[in-house]
Every structure is written in C-alpha cells, then in structure tokens.
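Understanding the architecture of this molecule
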Amino acid sequence: MPESVMPESKASNFVLRDARSSDAQAVAELHATVWREAYDGIAPAAAVDKLTAAYRLTAWREALDEETRSRTTLVADCGGELAGFISFGASNNPLYGDRAEIKHLYVGNAWRGQGIGRRLMGLAFRRLHSAGHTAVGLAVVEENTNARLFYKALGGVETITFEDPGPLWKSNNVLVEWQLPAELE
C-alpha cells in the first residue's frame, strides 16, 4: 500500500514506531476514548461505561510486555503524544482461516484525516508480508460506518458477517479482508 503524501499539519512530524511497555497507559487511554466515541449509541450504555482506560490497562500491559506479547503494536508518536496505534499478528480465531489479523486500529479524533491510519495500516501490511502472510483480516462492527468506509478506501473487501459475543455485548460484525500483493513497497 503506497503511503500518501501528507499535507502540512500537526501530524507532519509524527513517527511510527514499535510500542513499548511504557506506552501501555497512553494506548489504554486512547483505546478507551476512541472506542467510546465510535460506539456510544451503538453499544449498550453498560458496555460504554465499563470499557474505560482502567479496564483496558491490564490487557495493554500484557500485550506490550516484551515477554508475553503475542502480536505487534505500532504507535504514531507526535512529539511524545500518542496520535494512534495498530495491533496485528497471526490469528488464533478460526474465522480468519490463514489470514493474519488486525486486532485494533485507533486514531485520536484530533488526528484523523491526516494520513495516520493509512500509514499505520501500510506499515502493518508490510510487516505481515515480511512475516510470510498473504492475506489480512479485520473485524468491524456493522454499524461503524466510518471505519467501514475507511477500510473500503484502503482496498478492503467485506467478505462475511458474523456475531461477536464480545466481553460485554454481542455485536454484528463484518470481516474485511485484504490480499497482500507479492511485492509491497
């Protein structure tokens, strides 16, 4: 996936890097904030109320611990402020078949529209391709139309729908898929 030329903006100085264990708090906070913005009015109020940064912090500490991590997380760092992140790797969910999985992609509201999500996806695709993956999948809640439009603009193809029991609520999801070309830039 080619990286787009970014307009001059506050995001013009961001750096994509591997997340460190010291990023867990910032990742949990951004995850909770963006998730609430996206799913308020879609998810039940009890789920929105419970899925706070404090709730997510334990999982992010484990996910970013060098000894226990099972997937890669990249962050978009803009002068020490976390603008976005992506988490990806091999999937253990049979729904994905032999596809790798993008588990999370979140970009803060103030940073959207500046190419950060596109750049995070591009780097994740290149890393997955280098690891030998030929296809990637991502699950998105059906009602999350903004995300679905973004993935479609990146060449994602919606392949199947399914119900995700989730930790706190059942949602109808769509699996978006990308075939990775033999050569990636």
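In case you missed it, the structure is sitting above this.
This report concerns the structure included in the present document. In this text the structure is predicted, and so the values were computed from the model without any measurement.

Another aspect to go through is the overall build of the protein chain. Helix and strand counts for the protein chain stand at five helices and seven strands. Mapped in sequence order, the helices and strands of the protein chain form the string β-α-α-α-β-β-β-α-β-α-β-β. Scaling as 2.2 N^0.38, a compact globule of 185 residues should have a C-alpha radius of gyration of about 16 Å, and the protein chain matches this with 16 Å. With respect to the principal axes defined by its C-alpha atoms, the protein chain has extents near 45 × 40 × 35 Å. Evaluated residue by residue, the protein chain yields a buried proportion of 48% over its 185 residues. Within the protein chain, residue pairs in contact and separated by at least 24 positions form 66% of the contacts whose partners lie at least 6 positions apart. Entry remark: accessible area of the protein chain is about 9,600 Å², with carbon and sulfur atoms responsible for 48%.

Before going further, it helps to examine the pattern of salt bridges. Note that side chains of opposite charge can pair when their charged atoms are close. Within the structure shown, the criterion is met by seven salt bridges. Among the ionic pairs, Arg127 bridges to Asp18, the shortest N-O distance being 2.9 Å. In this pair, Arg127 sits in helix H4 (residues 116-130) while Asp18 sits in strand S1 (residues 15-18), placing the two residues 109 residues apart along the sequence. The class of Arg127 is partly exposed, set by a relative accessible area of 32%. The salt bridge partner of Glu177 is Arg99, with a shortest N-O separation of 2.7 Å. Taken as a pair, Glu177 in strand S7 (residues 171-179) and Arg99 in the loop between strand S3 (81-90) and strand S4 (100-107) lie far apart in primary sequence, 78 residues in all. Comparing Glu177 with Arg99 shows no difference in burial state: the two are buried.

Let us look at the pairing of S3. Counting buried residues in S3 gives eight out of ten residues, a clear majority hidden from the surface. Examined bridge by bridge, strand S2 (residues 72-78) and S3 share seven bridges and lie antiparallel to one another. Paired with Asp77 across the bridge in S3 is Leu82. In sequence, S2 turns back onto S3 through a hairpin of two residues, with Gly79 there showing a positive phi of about 60 degrees. Across seven bridges, S3 lies against S4 in antiparallel orientation. Pairing of Gly84 across the sheet is with Val107, part of S4.

For strand S5 (residues 135-141), a buried count of six out of seven residues is recorded, marking the element as mostly surrounded by other parts of the structure. By the bridge criterion, two bridges tie S4 to S5 in an arrangement that is parallel. By the bridge assignment for S5, Glu101 is matched with Gly137. Tracing the backbone out of S4, into H4 and back to the parallel element S5 gives a crossover that is right-handed.

Another point: the packing of aromatic side chains. For the structure shown, the criterion picks out eight aromatic pairs. With a centroid separation of 5.4 Å and 55 degrees between ring planes, the pair formed by Phe125 and Trp178 is classed as tilted. Placement of the pair is Phe125 in helix H4 and Trp178 in strand S7, with a sequence separation of 53 residues. Like Trp178, Phe125 is buried. Site record: aromatic cluster; members linked through ring pairs are Phe125, Phe150, Tyr151 and Trp178. Here the guanidinium or amino end of Arg71 rests over the ring plane of Trp60, the centre of that ring lying 5.9 Å away.

Cut-off values and rules
- Residues numbered from 1 in each chain as written.
- Predicted model: local features only at pLDDT ≥ 70, side-chain atom pairs only at ≥ 80, totals over all residues.
- Heavy atoms only, no water.
- Helix = DSSP H or I, 4+ residues; strand = E, 2+ residues; numbered from the N terminus.
- Rg over C-alpha atoms; globule rule 2.2 N^0.38 Å.
- Buried < 20%, exposed > 50% of the residue type's maximum accessible area, 1.4 Å probe, protein only.
- Contact = heavy atoms within 4.5 Å.
- Areas by Shrake-Rupley, 256 points an atom, 1.4 Å probe, with all protein chains shown as cover.
- Salt bridge = Lys/Arg side-chain N within 4 Å of Asp/Glu carboxyl O.
- Pairing = 2+ DSSP bridges.
- Right-handed = clockwise from strand over helix to strand, strands pointing away.
- Phe/Tyr/Trp six-rings, centres within 6.5 Å; stacked < 30°, edge-to-face > 60°.
- Lys NZ or Arg CZ within 6 Å of the ring centre and 35° of its normal.

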